[in-house]
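# Structure at a glance
Each chain, letter by letter, is given below.
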Amino acid sequence: MSEADNQPPVITIDGPSGSGKGTIAKLLAEKLKFSLLDSGALYRLTALAALSRDIDLADEAALTKVASGLDIRFEPRDGEVAVLLEGRDVSRDIRMERVSMAASKVAAMPGVRAALLQRQRDFLKPPGLVADGRDMGTTVFPDAPVKVFLTASAEERARRRYEQLREKGVSVSLRDLLEDIRARDARDMNRAASPLVAAEDAVELDSTGVTIDGVLEKVLQLVLERIRLPGA
Ligand SMILES: Nc1ncnc2c1ncn2[C@@H]1O[C@H](COP(=O)(O)OP(=O)(O)O)[C@@H](O)[C@H]1O
Ligand SMILES: Nc1ccn([C@H]2C[C@H](O)[C@@H](COP(=O)(O)OP(=O)(O)O)O2)c(=O)n1
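Residues numbered from 1 in each chain as written. Chains lettered and ligands numbered in written order. Predicted model: local features only at pLDDT ≥ 70, side-chain atom pairs only at ≥ 80, totals over all residues.

## A short note on the site of ligand 1
Around ligand 1 there are 15 residues in total, and Gly20, Lys21, Gly22, Thr23 and Arg160 lie nearest to it. Elements with a contribution of two residues or more to the shell around ligand 1: α1 (21-32), α7 (154-167) and α9 (212-226). Top element by residues in the shell around ligand 1 is α1. It accounts for three residues. (Near = placed C-beta within 6 Å. Helix = DSSP H or I, 4+ residues; strand = E, 2+ residues; numbered from the N terminus.)

Here you go:
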């Protein structure tokens, strides 16, 4: 999947919850006119579908079936991407804390991960792809020419989520959010299947105290060093 294979380039952005992956991936994709893969949304959709069908979150076979059969679409709407499950807009539902927790449980199952693998690779098309998640650089696109591992302290990530939810009018406690973030970090990092870990050839960026523009600038610099963009 390198440029030498004539495949469009992939930029992978992995890291823990709240490190800014989604924000940076979206801005980068817009700037480069690349497609965007929010891989976390696929795990969230699997979790949401399972919760709404009352499927036991420990039943790997049933969850794998849910993941393979997901009827989903991503549609651009008002500058955002709407996420549709069986034709219904679930963009807000998949961000609920209950779904976040369930997604991290579902994502620990090898069967579920295998069921979603090809679906993720199918997002790659010219002129290129920005893929955000936990294992984009290690498992899904191991030959990507640009790999970023984005981090920030757990306290800062909890504060960002707090602000994000407050803006949406959701009232939560900062302490609960920090606990949730730590629990999710632990589960994402310690699972056997595709754990959250930086790829050997990833560039690690700590976004603690760095503005969104500052992070974007660093990533763009890396992209320009490693990918020949048309017209550049
Ligand atoms: N460098 C940054 N500085 C301050 N806030 C940020 C930064 N990057 C992202 N954010 C904010 O933090 C929140 C979580 O970011 P998001 O991109 O959803 O993280 P992730 O996809 O890694 O979970 C959002 O409200 C976003 O605007
Ligand atoms: N490539 C991926 C993407 C997400 N996951 C898991 C890890 C998370 O707990 C859930 C939700 O991921 P998502 O990126 O949407 O979560 P955050 O926005 O970072 O909080 O899915 C994964 O295991 N592998």
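## What about the site of ligand 2?
The environment of ligand 2 is formed by 15 residues, the closest being Ser17, Gly40, Ser104, Ala107 and Gly133. Counting residues per element, the ones that place at least two in the shell around ligand 2 are α2 (39-52), α4 (97-106) and α8 (174-190). With four residues, α2 is the single largest residue contributor to the shell around ligand 2. A per-class count over the shell around ligand 2 returns three nonpolar, seven polar and five charged. (Nonpolar A, V, L, I, M, F, W, Y, C, P; charged D, E, K, R; others polar.)

## Structural notes on the pairing of strand β1 (residues 10-14)
The element β1 is largely enclosed, with a buried count of five among its five residues. On β1, burial covers both faces: Val10, Thr12 and Asp14 on one face and Ile11 and Ile13 on the other are all buried. Bridge count for β1 against strand β7 (residues 146-151) is four bridges, and the pairing is parallel. Note that in β7 the partner of Asp14 across the bridge is Phe149. (Buried ≥ 20, exposed ≤ 12 C-beta atoms within 10 Å, placed from the backbone. Pairing = 2+ DSSP bridges.)

## So, the sheet that holds β1
Through backbone hydrogen bonds, the strands of a sheet pair up, either in parallel or in antiparallel fashion. The five strands lie next to each other as β2-β6-β1-β7-β8, forming an open sheet whose pairing is parallel. The sheet is open, and its two borders are formed by β2 (35-38) and β8 (203-206), each paired with just one other strand. Looking at each pair of strands side by side, their axes are set apart by 20° on average, direction ignored. (Axes fitted to C-alpha atoms, helices over the stretch in contact; angles between N-to-C directions.)

## Comments concerning the UniProt feature "binding site: ATP" (unreviewed entry) in the protein chain
The feature "binding site: ATP" (unreviewed entry), as annotated in UniProt, sits at Gly15, Pro16, Ser17, Gly18, Ser19, Gly20, Lys21, Gly22 and Thr23 in this numbering. Discounting chain neighbours no more than four positions away, the residues touching Pro16 are Thr151, Arg157, Asp185, Asp188 and Leu196. Note on placement: Ser19 falls in the loop between β1 and α1. (UniProt positions renumbered as here; feature names shortened; annotations may be inferred. Contact = placed C-beta atoms within 7 Å.)

## A look at α4
Given 3.6 residues per turn, any residue in an α-helix points the same way as the ones three and four places further on. Taken residue by residue, α4 has Val99, Ala102, Ala103, Ser104 and Val106 as its buried positions. As for α4, its buried residues are in contact with α2, α3 (60-68), α5 (110-121) and α8.

## Comments concerning α2
With 14 residues, α2 should cover 20 Å at 1.5 Å per step; its first-to-last C-alpha distance of 20 Å lies within 8% of that length. When you tally the buried positions in α2, you get twelve out of 14 residues, the bulk of the element. Among all positions in α2, only Ser39, Gly40, Ala41, Leu42, Tyr43, Arg44, Leu45, Thr46, Ala47, Leu48, Ala49 and Ala50 are buried. Looking at the residues trailing α2, positive phi occurs at Asp54, about 60°. (Expected span 1.5 Å × (residues − 1).)

## Digging into the sheet that holds strand β4 (residues 80-85)
With respect to topology, three strands assemble into an open sheet ordered β3-β4-β5, the strand pairing being antiparallel. The two strands at the open ends of the sheet, each matched to only one other strand, are β3 (72-77) and β5 (88-89). Running over the sheet, α2 touches β3 and β4 and is turned about 35° from β4.

## Some thoughts on the nonpolar core
One recurring pattern in soluble globular proteins is that nonpolar side chains are buried together. Counting 28 residues, the largest nonpolar core has Ile11, Ile13, Leu28, Val130, Ala131 and Val148 as the members making the most contacts within it. Secondary-structure elements contributing two or more residues to this core are β1, α1, β6 (129-133), α6 (136-140), β7 and α9. With five residues, α1 is the largest single contributor of residues to this core. Setting aside anything within four residues of it in sequence, one finds Val130 in contact with Ile11, Ile13, Ala25, Leu28, Ala29, Phe34 and Leu36. Leu63, Leu85, Val112 and Leu116 belong to the second-largest nonpolar core, a separate cluster that totals 24 residues. (Core = buried A, V, L, I, M, F, W, Y, C linked by C-beta atoms within 7 Å.)

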